[in-house]
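# Tertiary structure, described
Now for the letters of each chain:
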Amino acid sequence: MKVKHNSDGTVECIFPHLKPGSKKITQRFAINKCVDTDTGDIQLIEEKPIGDLKGNIMYISYHTTGQVNYHRMSFESNFLEPLYDVKQVNPFFILSFEEMGNFKEAMADEIQSSHGIECDISSFGKARVDVIFSIIPCSDEISRQFANVLSVNYDPMYRLMIQFVNDTDTFGFYKQYDPGDCVRLRIHNDHFTELPTSKGQALINYVKKLCQTDKFVLTAPNGEGVLNLYFIVEMRRRPFVKIDFTNKDYCIEITSKKAHQLQFKVFDNKRKCYIKKAEEIQISEITLDAEIYDDEINPPAGFM
């Protein structure tokens, strides 16, 4: 499995070694907990067999908004805690298997080029293995009493916790499936019925928490000289923009403008070049105008 963290905060769990031709089943399930005995009863919901995926790689994306998408699977999206405000354990997927023949062996160059972590499950013997994927708070203590655990820390935002448990001692899926069945399970634990916030506002909240500020965030130029300006809040429309520099020869060239974010380059009219060094860019004032005018084509004087 591979874990990918995108610039917008989205985390992806990718399964490139799951064999396309292996028998797979997607399954939703819920746990009905008995208050008196503190035990859980598994309720299976909507089983769907999956045929040959023809080489398409299965992956899951947990977005900044809290929306979880299951790619190459038959599940609808799940809506859990947004990644900028994780306060509890958010389990979002289980992969259950018994035979290692469901997986392709990693190539030598993949192993050499990766920064991988190994998890020893040899103590499970031939028992079915359940792999549980969860997003949890960074401050949570991880219990290893009943599971082998891998944890990927994205401090100060969240952790991706991956637990390997012996199915015989936990869920008991071996009673439901044959040894050759590789089962993918979507946990029926939605916190919301729809997105609690827009994608733009979620990205703003994520960046502000990452930078530990309540103000707007301006990133340094990347290799192409593009700066990112994240607004304090998402605006009702793409705003007109005015940026003043201490060097009066500088001006901006907008590459992308959205209701939550502005991307731009800084151009030196005197030297006829783009400025790519952060220390050379001194901004004296930034003004955003999200008013709605009768003339929406021509911006107010001095704005773009």
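Remember, predicted model here, so these are calculated numbers, not experimental data. (Residues numbered from 1 in each chain as written. Predicted model: local features only at pLDDT ≥ 70, side-chain atom pairs only at ≥ 80, totals over all residues. Heavy atoms only, no water.)

### As for the pairing of strand E9 (residues 129–136)
Consecutive residues of a regular strand have side chains that alternate between opposite faces of the sheet. Counting buried positions along E9 gives eight out of eight residues, so the element sits mostly inside the fold. Side chains Val129, Val131, Phe133 and Ile135 of E9 all project onto a buried face; the interleaved residues Asp130, Ile132, Ser134 and Ile136 project onto the opposite face, where all are buried too. The pairing of strand E8 (residues 90–97) with E9 spans seven bridges and is classified as antiparallel. Its bridge partner lying in E9, Asn90 is registered against Ile135. Here E9 runs beside strand E11 (residues 158–166); their pairing, made up of eight bridges, is antiparallel. By the bridge assignment, Val131 is partnered in E11 with Phe164. (Buried < 20%, exposed > 50% of the residue type's maximum accessible area, 1.4 Å probe, protein only. Helix = DSSP H or I, 4+ residues; strand = E, 2+ residues; numbered from the N terminus. Pairing = 2+ DSSP bridges.)

### Here we look at the packing of aromatic side chains
Counted by the stated rule, this structure contains eleven aromatic pairs. Aromatic side chains Phe171 and Phe173 sit 5.2 Å apart centroid to centroid with 15° between the ring planes, which places their arrangement in the stacked category. The exposure class assigned to Phe173 is buried, which follows from its relative accessible area of 1%. Arranged with centres 5.8 Å apart and planes meeting at 75°, the rings of Phe245 and Tyr250 form a pair that is edge-to-face. By the burial criterion, Phe245 is buried, and Tyr250 matches it. (Phe/Tyr/Trp six-rings, centres within 6.5 Å; stacked < 30°, edge-to-face > 60°.)

### With respect to the sheet that holds strand E1 (residues 2–5)
Read across the sheet, five strands follow the order E1-E2-E5-E6-E7 without closing on themselves; strand pairing throughout is antiparallel. Where the open sheet ends on each side, the last strands, each with one partner, are E1 and strand E7 (78–79). For E1 and strand E2 (residues 11–15), the ladder comprises four bridges, and the chain directions are antiparallel. Bridge pairing in E2 places His5 opposite Val11.

### A word on unusual backbone geometry
Along the chain, Asp155 connects to Pro156 via a cis peptide bond; the corresponding omega equals 5°. In this fold, Pro156 is placed in the loop between strand E10 (148–154) and E11. If you check the backbone angles, Arg72 has positive phi at about 65° while not being a glycine. As for its position among the elements, Arg72 is in the loop between strand E6 (67–71) and E7. Unlike most non-glycine residues, Gln212 shows phi in positive territory, near 55°. Mapped onto the elements of the fold, Gln212 is located in the loop between helix H2 (199–211) and strand E13 (217–218).

### Describing the confidence of the model for the protein
When pLDDT is averaged across the protein, the result is 82; 80% of the residues are at 70 or more. Under a pLDDT of 50 for its full length, residues 33–40 has, in the predicted model, seven contacts with residues more than four places off or in other chains. (pLDDT = per-residue confidence, 0-100. Contact = heavy atoms within 4.5 Å.)

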